[in-house]
Amino acid sequence: MGMRAFTFFVVLCLFTLFTGCGGSNGSLGDGNNTAVSPLGGTVTTAGEQVTLDFPMGAIDNVIDVSAEPCTECPVDAALVSGTAFTFAPNVTFAKPVQLTIRYDATQLPEGVAESTLRLVTVVNDTWEEIADSSVDTAQHAVTGAITAFGVYGIRGAVNSKPPAGTVIGVNGGTVNALNGRVRLVFPAGAVTEDTSISVQSTAAFPADEGVVSGLAFAITPAIALLQPVQMICSYDGIILPANLPEESLRLSRVDGNAWFDIAGCVVDQHGNMVTGFLDALGTIAVRGTLGAPEPYAMAQAWGSQGSGEGQFDIPSALALDGRGQLYVADTGNHRVQAFDTDGAFVAAWGSYGKGDGQLNGPTGIVLTSDGYCCVADRGNHRVTLFNETGSFRGWLGRNSYLLSGYHAPGSMGDPIEGTGHGEFRTPCAVAVDPAGKLAVLDDMMSRVQYFSRWAYQRSWGSIGHGNGAFVSPTGIAIDTAGNAYIAEQGNHRIQKLTSTGEFLKAIGSQGSEAGQLMSPAGIALDAEGNIYVVEYGNHRIQKFDPQGNSLAIWGRSGSGKLYQPTGIAVDADGNVYIADCGNHRIVKFAPVP
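The paragraphs below set out a description of the structure included in this document. Given the structure is predicted, the values throughout are model-derived calculations rather than measurements.

As a further point, take the pairing of strand β13 (residues 173-177). Summarising the sheet, β13 and strand β14 (residues 182-186) pair through 5 bridges and their orientation is antiparallel. Opposite G173, over in β14, you have F186 as the bridge partner. Counted between consecutive antiparallel strands, the loop separating β13 from β14 contains 4 residues, among which L178 sits at a positive phi close to 55°.

This is how it looks when you write it as structure tokens:
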């Protein structure tokens, strides 16, 4: 698979739309199949009882996933009724796939404690626990990573009460404590005799602002270990202070009256886990390094996954008009939603299809000064035109069709892709220049086309890694001089070009440090010419000055923590609006005085 497939988020959106990988187009457990592509996706099934998250590269080909209630499973008194499923087809994954099964907490087997629930699978006609699976008792869900399809379910421990300590012998074992927040894995030979290990929360530790609230533990007895013991600790990224970057988290231990970091810790920001190896038991905590206060703070957030008013399925692009309304390209719901800038719902329009006023995976949106709402209708290979209240006005592309008095290059017909002037292959983003011309970024053609009063004017761009060439372009913004800024996920950079496509400069290179970018998806400019970039791969926003120097980074922790953000808009007051795609919400950030 080429670079385009691995780095280009909107292609993922399209696979989601066409195959049902991230929305509600398919359902498991009711006889239907849901196709999943090599680009990954999320499948929620069986009345939302089962969720499968496929990373990119987990499978080689598109597969039709199915799951049916297991009717001939091994009998086990601790198995939770209704949670056992047979998953097909019979494939092994190249990368672990996350499986989540939900349960009814009122229907647990007698004597089974909810905190003991784990994912299990059938091996040789018996149920065996999935390593590192965990239960979320607040959401009533059990999650774990699987490497192949088969039979999976939820099982607990009968008559199990959390002991004061879990006995570990010389042959090793595992301690799960505090509702799965802490997990200790003892290899053989770590202790010399049977030892009762206890893990308790503690407030008795040296004062340190970097210690994450509630994540300090007294692990007893405080003994030296003969073999390193793995400690895995879960945290809640939403409650982290905004100036405590997740990437700085590590395990630390108390020695005397001071904290010392445990070397070699790994942070899984998506799994919200910190992992390290202990050479002794004692007081251990999750600790980070406080940074400077972030320059923007979350002022508001709205939305959740769904298809109702104010809900989203892959919100991917944003635009502001002069009336203080925010427009959202709601990709998975094939529609546009309009809100005021405080998140109050105003209107919605569009539905799945290729007819008048219909959309197919919209991924870009812009408002013109004369009241047109122009939508990059990616799956239909066209730009669909509405007025600001959602009335259909026509489309641009092969077989252009306009209701206005402007010339239509073709005749009305089904929207299809094209490679000629005024035609598109997966248009992904749109912008308007100071003269009112519409600029359309065409992903598969790696070019920008300009239209004046809906008539084709010019185009530039090509596929490649050099200056003026693009790989997986995803976002476009135009400054007051008419220069275009192109966000490229494939080349992990921003290019600035003149209105005729002459290269001016490039900003960024692949990475996660300041000034570096990872799969930039959306881009916006403010009145001073500062450049705001949404990084899909780094889950953050980065602000550059007009010369390309990094000024600020935020969105990585706290209540405004982002996951796979894609779209961005900046208002006249400096507020920044983000399409937080992975969390199916809109987040508004305000400058910190």
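The subject of this paragraph is the sheet that holds β13. One open sheet holds the 5 strands; their spatial order is β13-β14-β17-β21-β20, and the pairing between them is antiparallel. Edge positions in the sheet fall to β13 and β20 (266-268), since each has one partner strand and no second. The mean angle between the axes of side-by-side strands here comes to 20°, regardless of whether they run parallel or antiparallel. Looking at chain direction, β14 and strand β17 (residues 224-234) are connected through 4 bridges and run antiparallel. Bridging across to β17, L184 finds its partner in M231.

Bringing the sheet that holds strand β47 (residues 567-570) into the picture now. The antiparallel open sheet is built from 4 strands, whose spatial order is β23-β49-β48-β47. Unpaired on one side and paired on the other, β23 (296-302) and β47 mark the two borders of the sheet. Going from strand to strand, the sheet's axes swing by 25° on average, the running direction of each strand aside. Two strands pair when backbone bridges link them, and β23 and strand β49 (residues 585-591) are joined in this way by 6 bridges, in the antiparallel orientation. Bridge pairing links Y296 to P591 in β49.

So, about unusual backbone geometry. Omega for the bond connecting A88 with P89 falls within 30 degrees of zero, at 5°, which places this linkage in the cis form. Checked against the element boundaries, P89 lands in the loop between β5 (85-88) and β6 (92-102). For the bond running from T220 to P221, omega is 0°, close enough to zero to count as cis. Take P221: it is sitting in the loop between β16 (211-220) and β17. Positive phi is not limited to glycine here, since W454 has a value of about 75°. Position of W454 relative to the elements: it lies in the loop between β35 (447-452) and β36 (455-460).

With that out of the way, let us pick up the environment of L441. Its location among the elements puts L441 in strand β34 (residues 438-442). Taking relative accessible area as the criterion, L441 reaches 0% and is therefore assigned buried. Residues L441 and A429, 12 residues apart in the sequence, show an inter-C-alpha distance of 5.2 Å.

Before going further, it helps to examine the pairing of strand β15 (residues 195-201). Strand direction decides the pairing type here: strand β12 (residues 166-168) and β15, joined by 3 bridges, are antiparallel. Residue I168 lies in a different strand from β15, and its bridge partner there is T195. Examined bridge by bridge, β15 and β16 share 4 bridges and lie antiparallel to one another. Of the residues in β16, the one forming a bridge with S201 is F217.

Turning next to the nonpolar core. Of all hydrophobic cores here, the largest spans 30 residues; its most connected members are L52, F54, F87, L99, L117 and F149. Judged by nonpolar contacts, the second largest core, of 29 residues, contains F186, Y235, L240 and I262.

In this structure the tally under the stated criterion is 23 aromatic pairs. Measuring from centroid to centroid gives 5.3 Å for W395 and Y401, while their planes differ by 65°, and the two rings are edge-to-face. Like Y401, W395 is buried. Here Y450 and W460 contribute two aromatic rings whose centre-to-centre distance is 6.2 Å and whose plane-to-plane angle is 45°, an arrangement assigned as tilted. Remark: W460 occurs in strand β36 and Y450 occurs in strand β35; sequence separation between them is 10 residues. Neither Y450 nor W460 differs from the other in exposure class; each is buried. These aromatic residues form a ring-pair network of at least three members: F54, F85, F87, F93, F149 and Y152. The cationic tip of R458 hangs over the ring face of Y450; the distance from NZ or CZ to the ring centre is 4.1 Å.

A few words now on the pattern of salt bridges. For the structure shown, the criterion picks out 20 salt bridges. Note that R155 and D76 form a salt bridge whose closest N and O atoms lie 3.2 Å from each other. Here R155, found in strand β11 (residues 151-155), pairs with D76, found in the loop between β4 (63-69) and β5; they are 79 residues apart in sequence, far enough to count as distant. On the basis of relative accessibility, which here comes to 25%, the residue D76 falls in the partly exposed class. Here D261 makes a salt bridge to R287, at a shortest N to O gap of 2.7 Å. Pair noted here: D261 is in strand β19 (residues 258-261) and R287 is in strand β22 (residues 283-287), with a separation of 26 residues, a long-range link.

The rules behind the values
- Residues numbered from 1 in each chain as written.
- Predicted model: local features only at pLDDT ≥ 70, side-chain atom pairs only at ≥ 80, totals over all residues.
- Heavy atoms only, no water.
- Pairing = 2+ DSSP bridges.
- Helix = DSSP H or I, 4+ residues; strand = E, 2+ residues; numbered from the N terminus.
- Axes fitted to C-alpha atoms, helices over the stretch in contact; angles between N-to-C directions.
- Buried < 20%, exposed > 50% of the residue type's maximum accessible area, 1.4 Å probe, protein only.
- Core = buried A, V, L, I, M, F, W, Y, C linked by side-chain atoms within 4.5 Å.
- Phe/Tyr/Trp six-rings, centres within 6.5 Å; stacked < 30°, edge-to-face > 60°.
- Lys NZ or Arg CZ within 6 Å of the ring centre and 35° of its normal.
- Salt bridge = Lys/Arg side-chain N within 4 Å of Asp/Glu carboxyl O.

Honestly, it's all geometry; don't read function into it.
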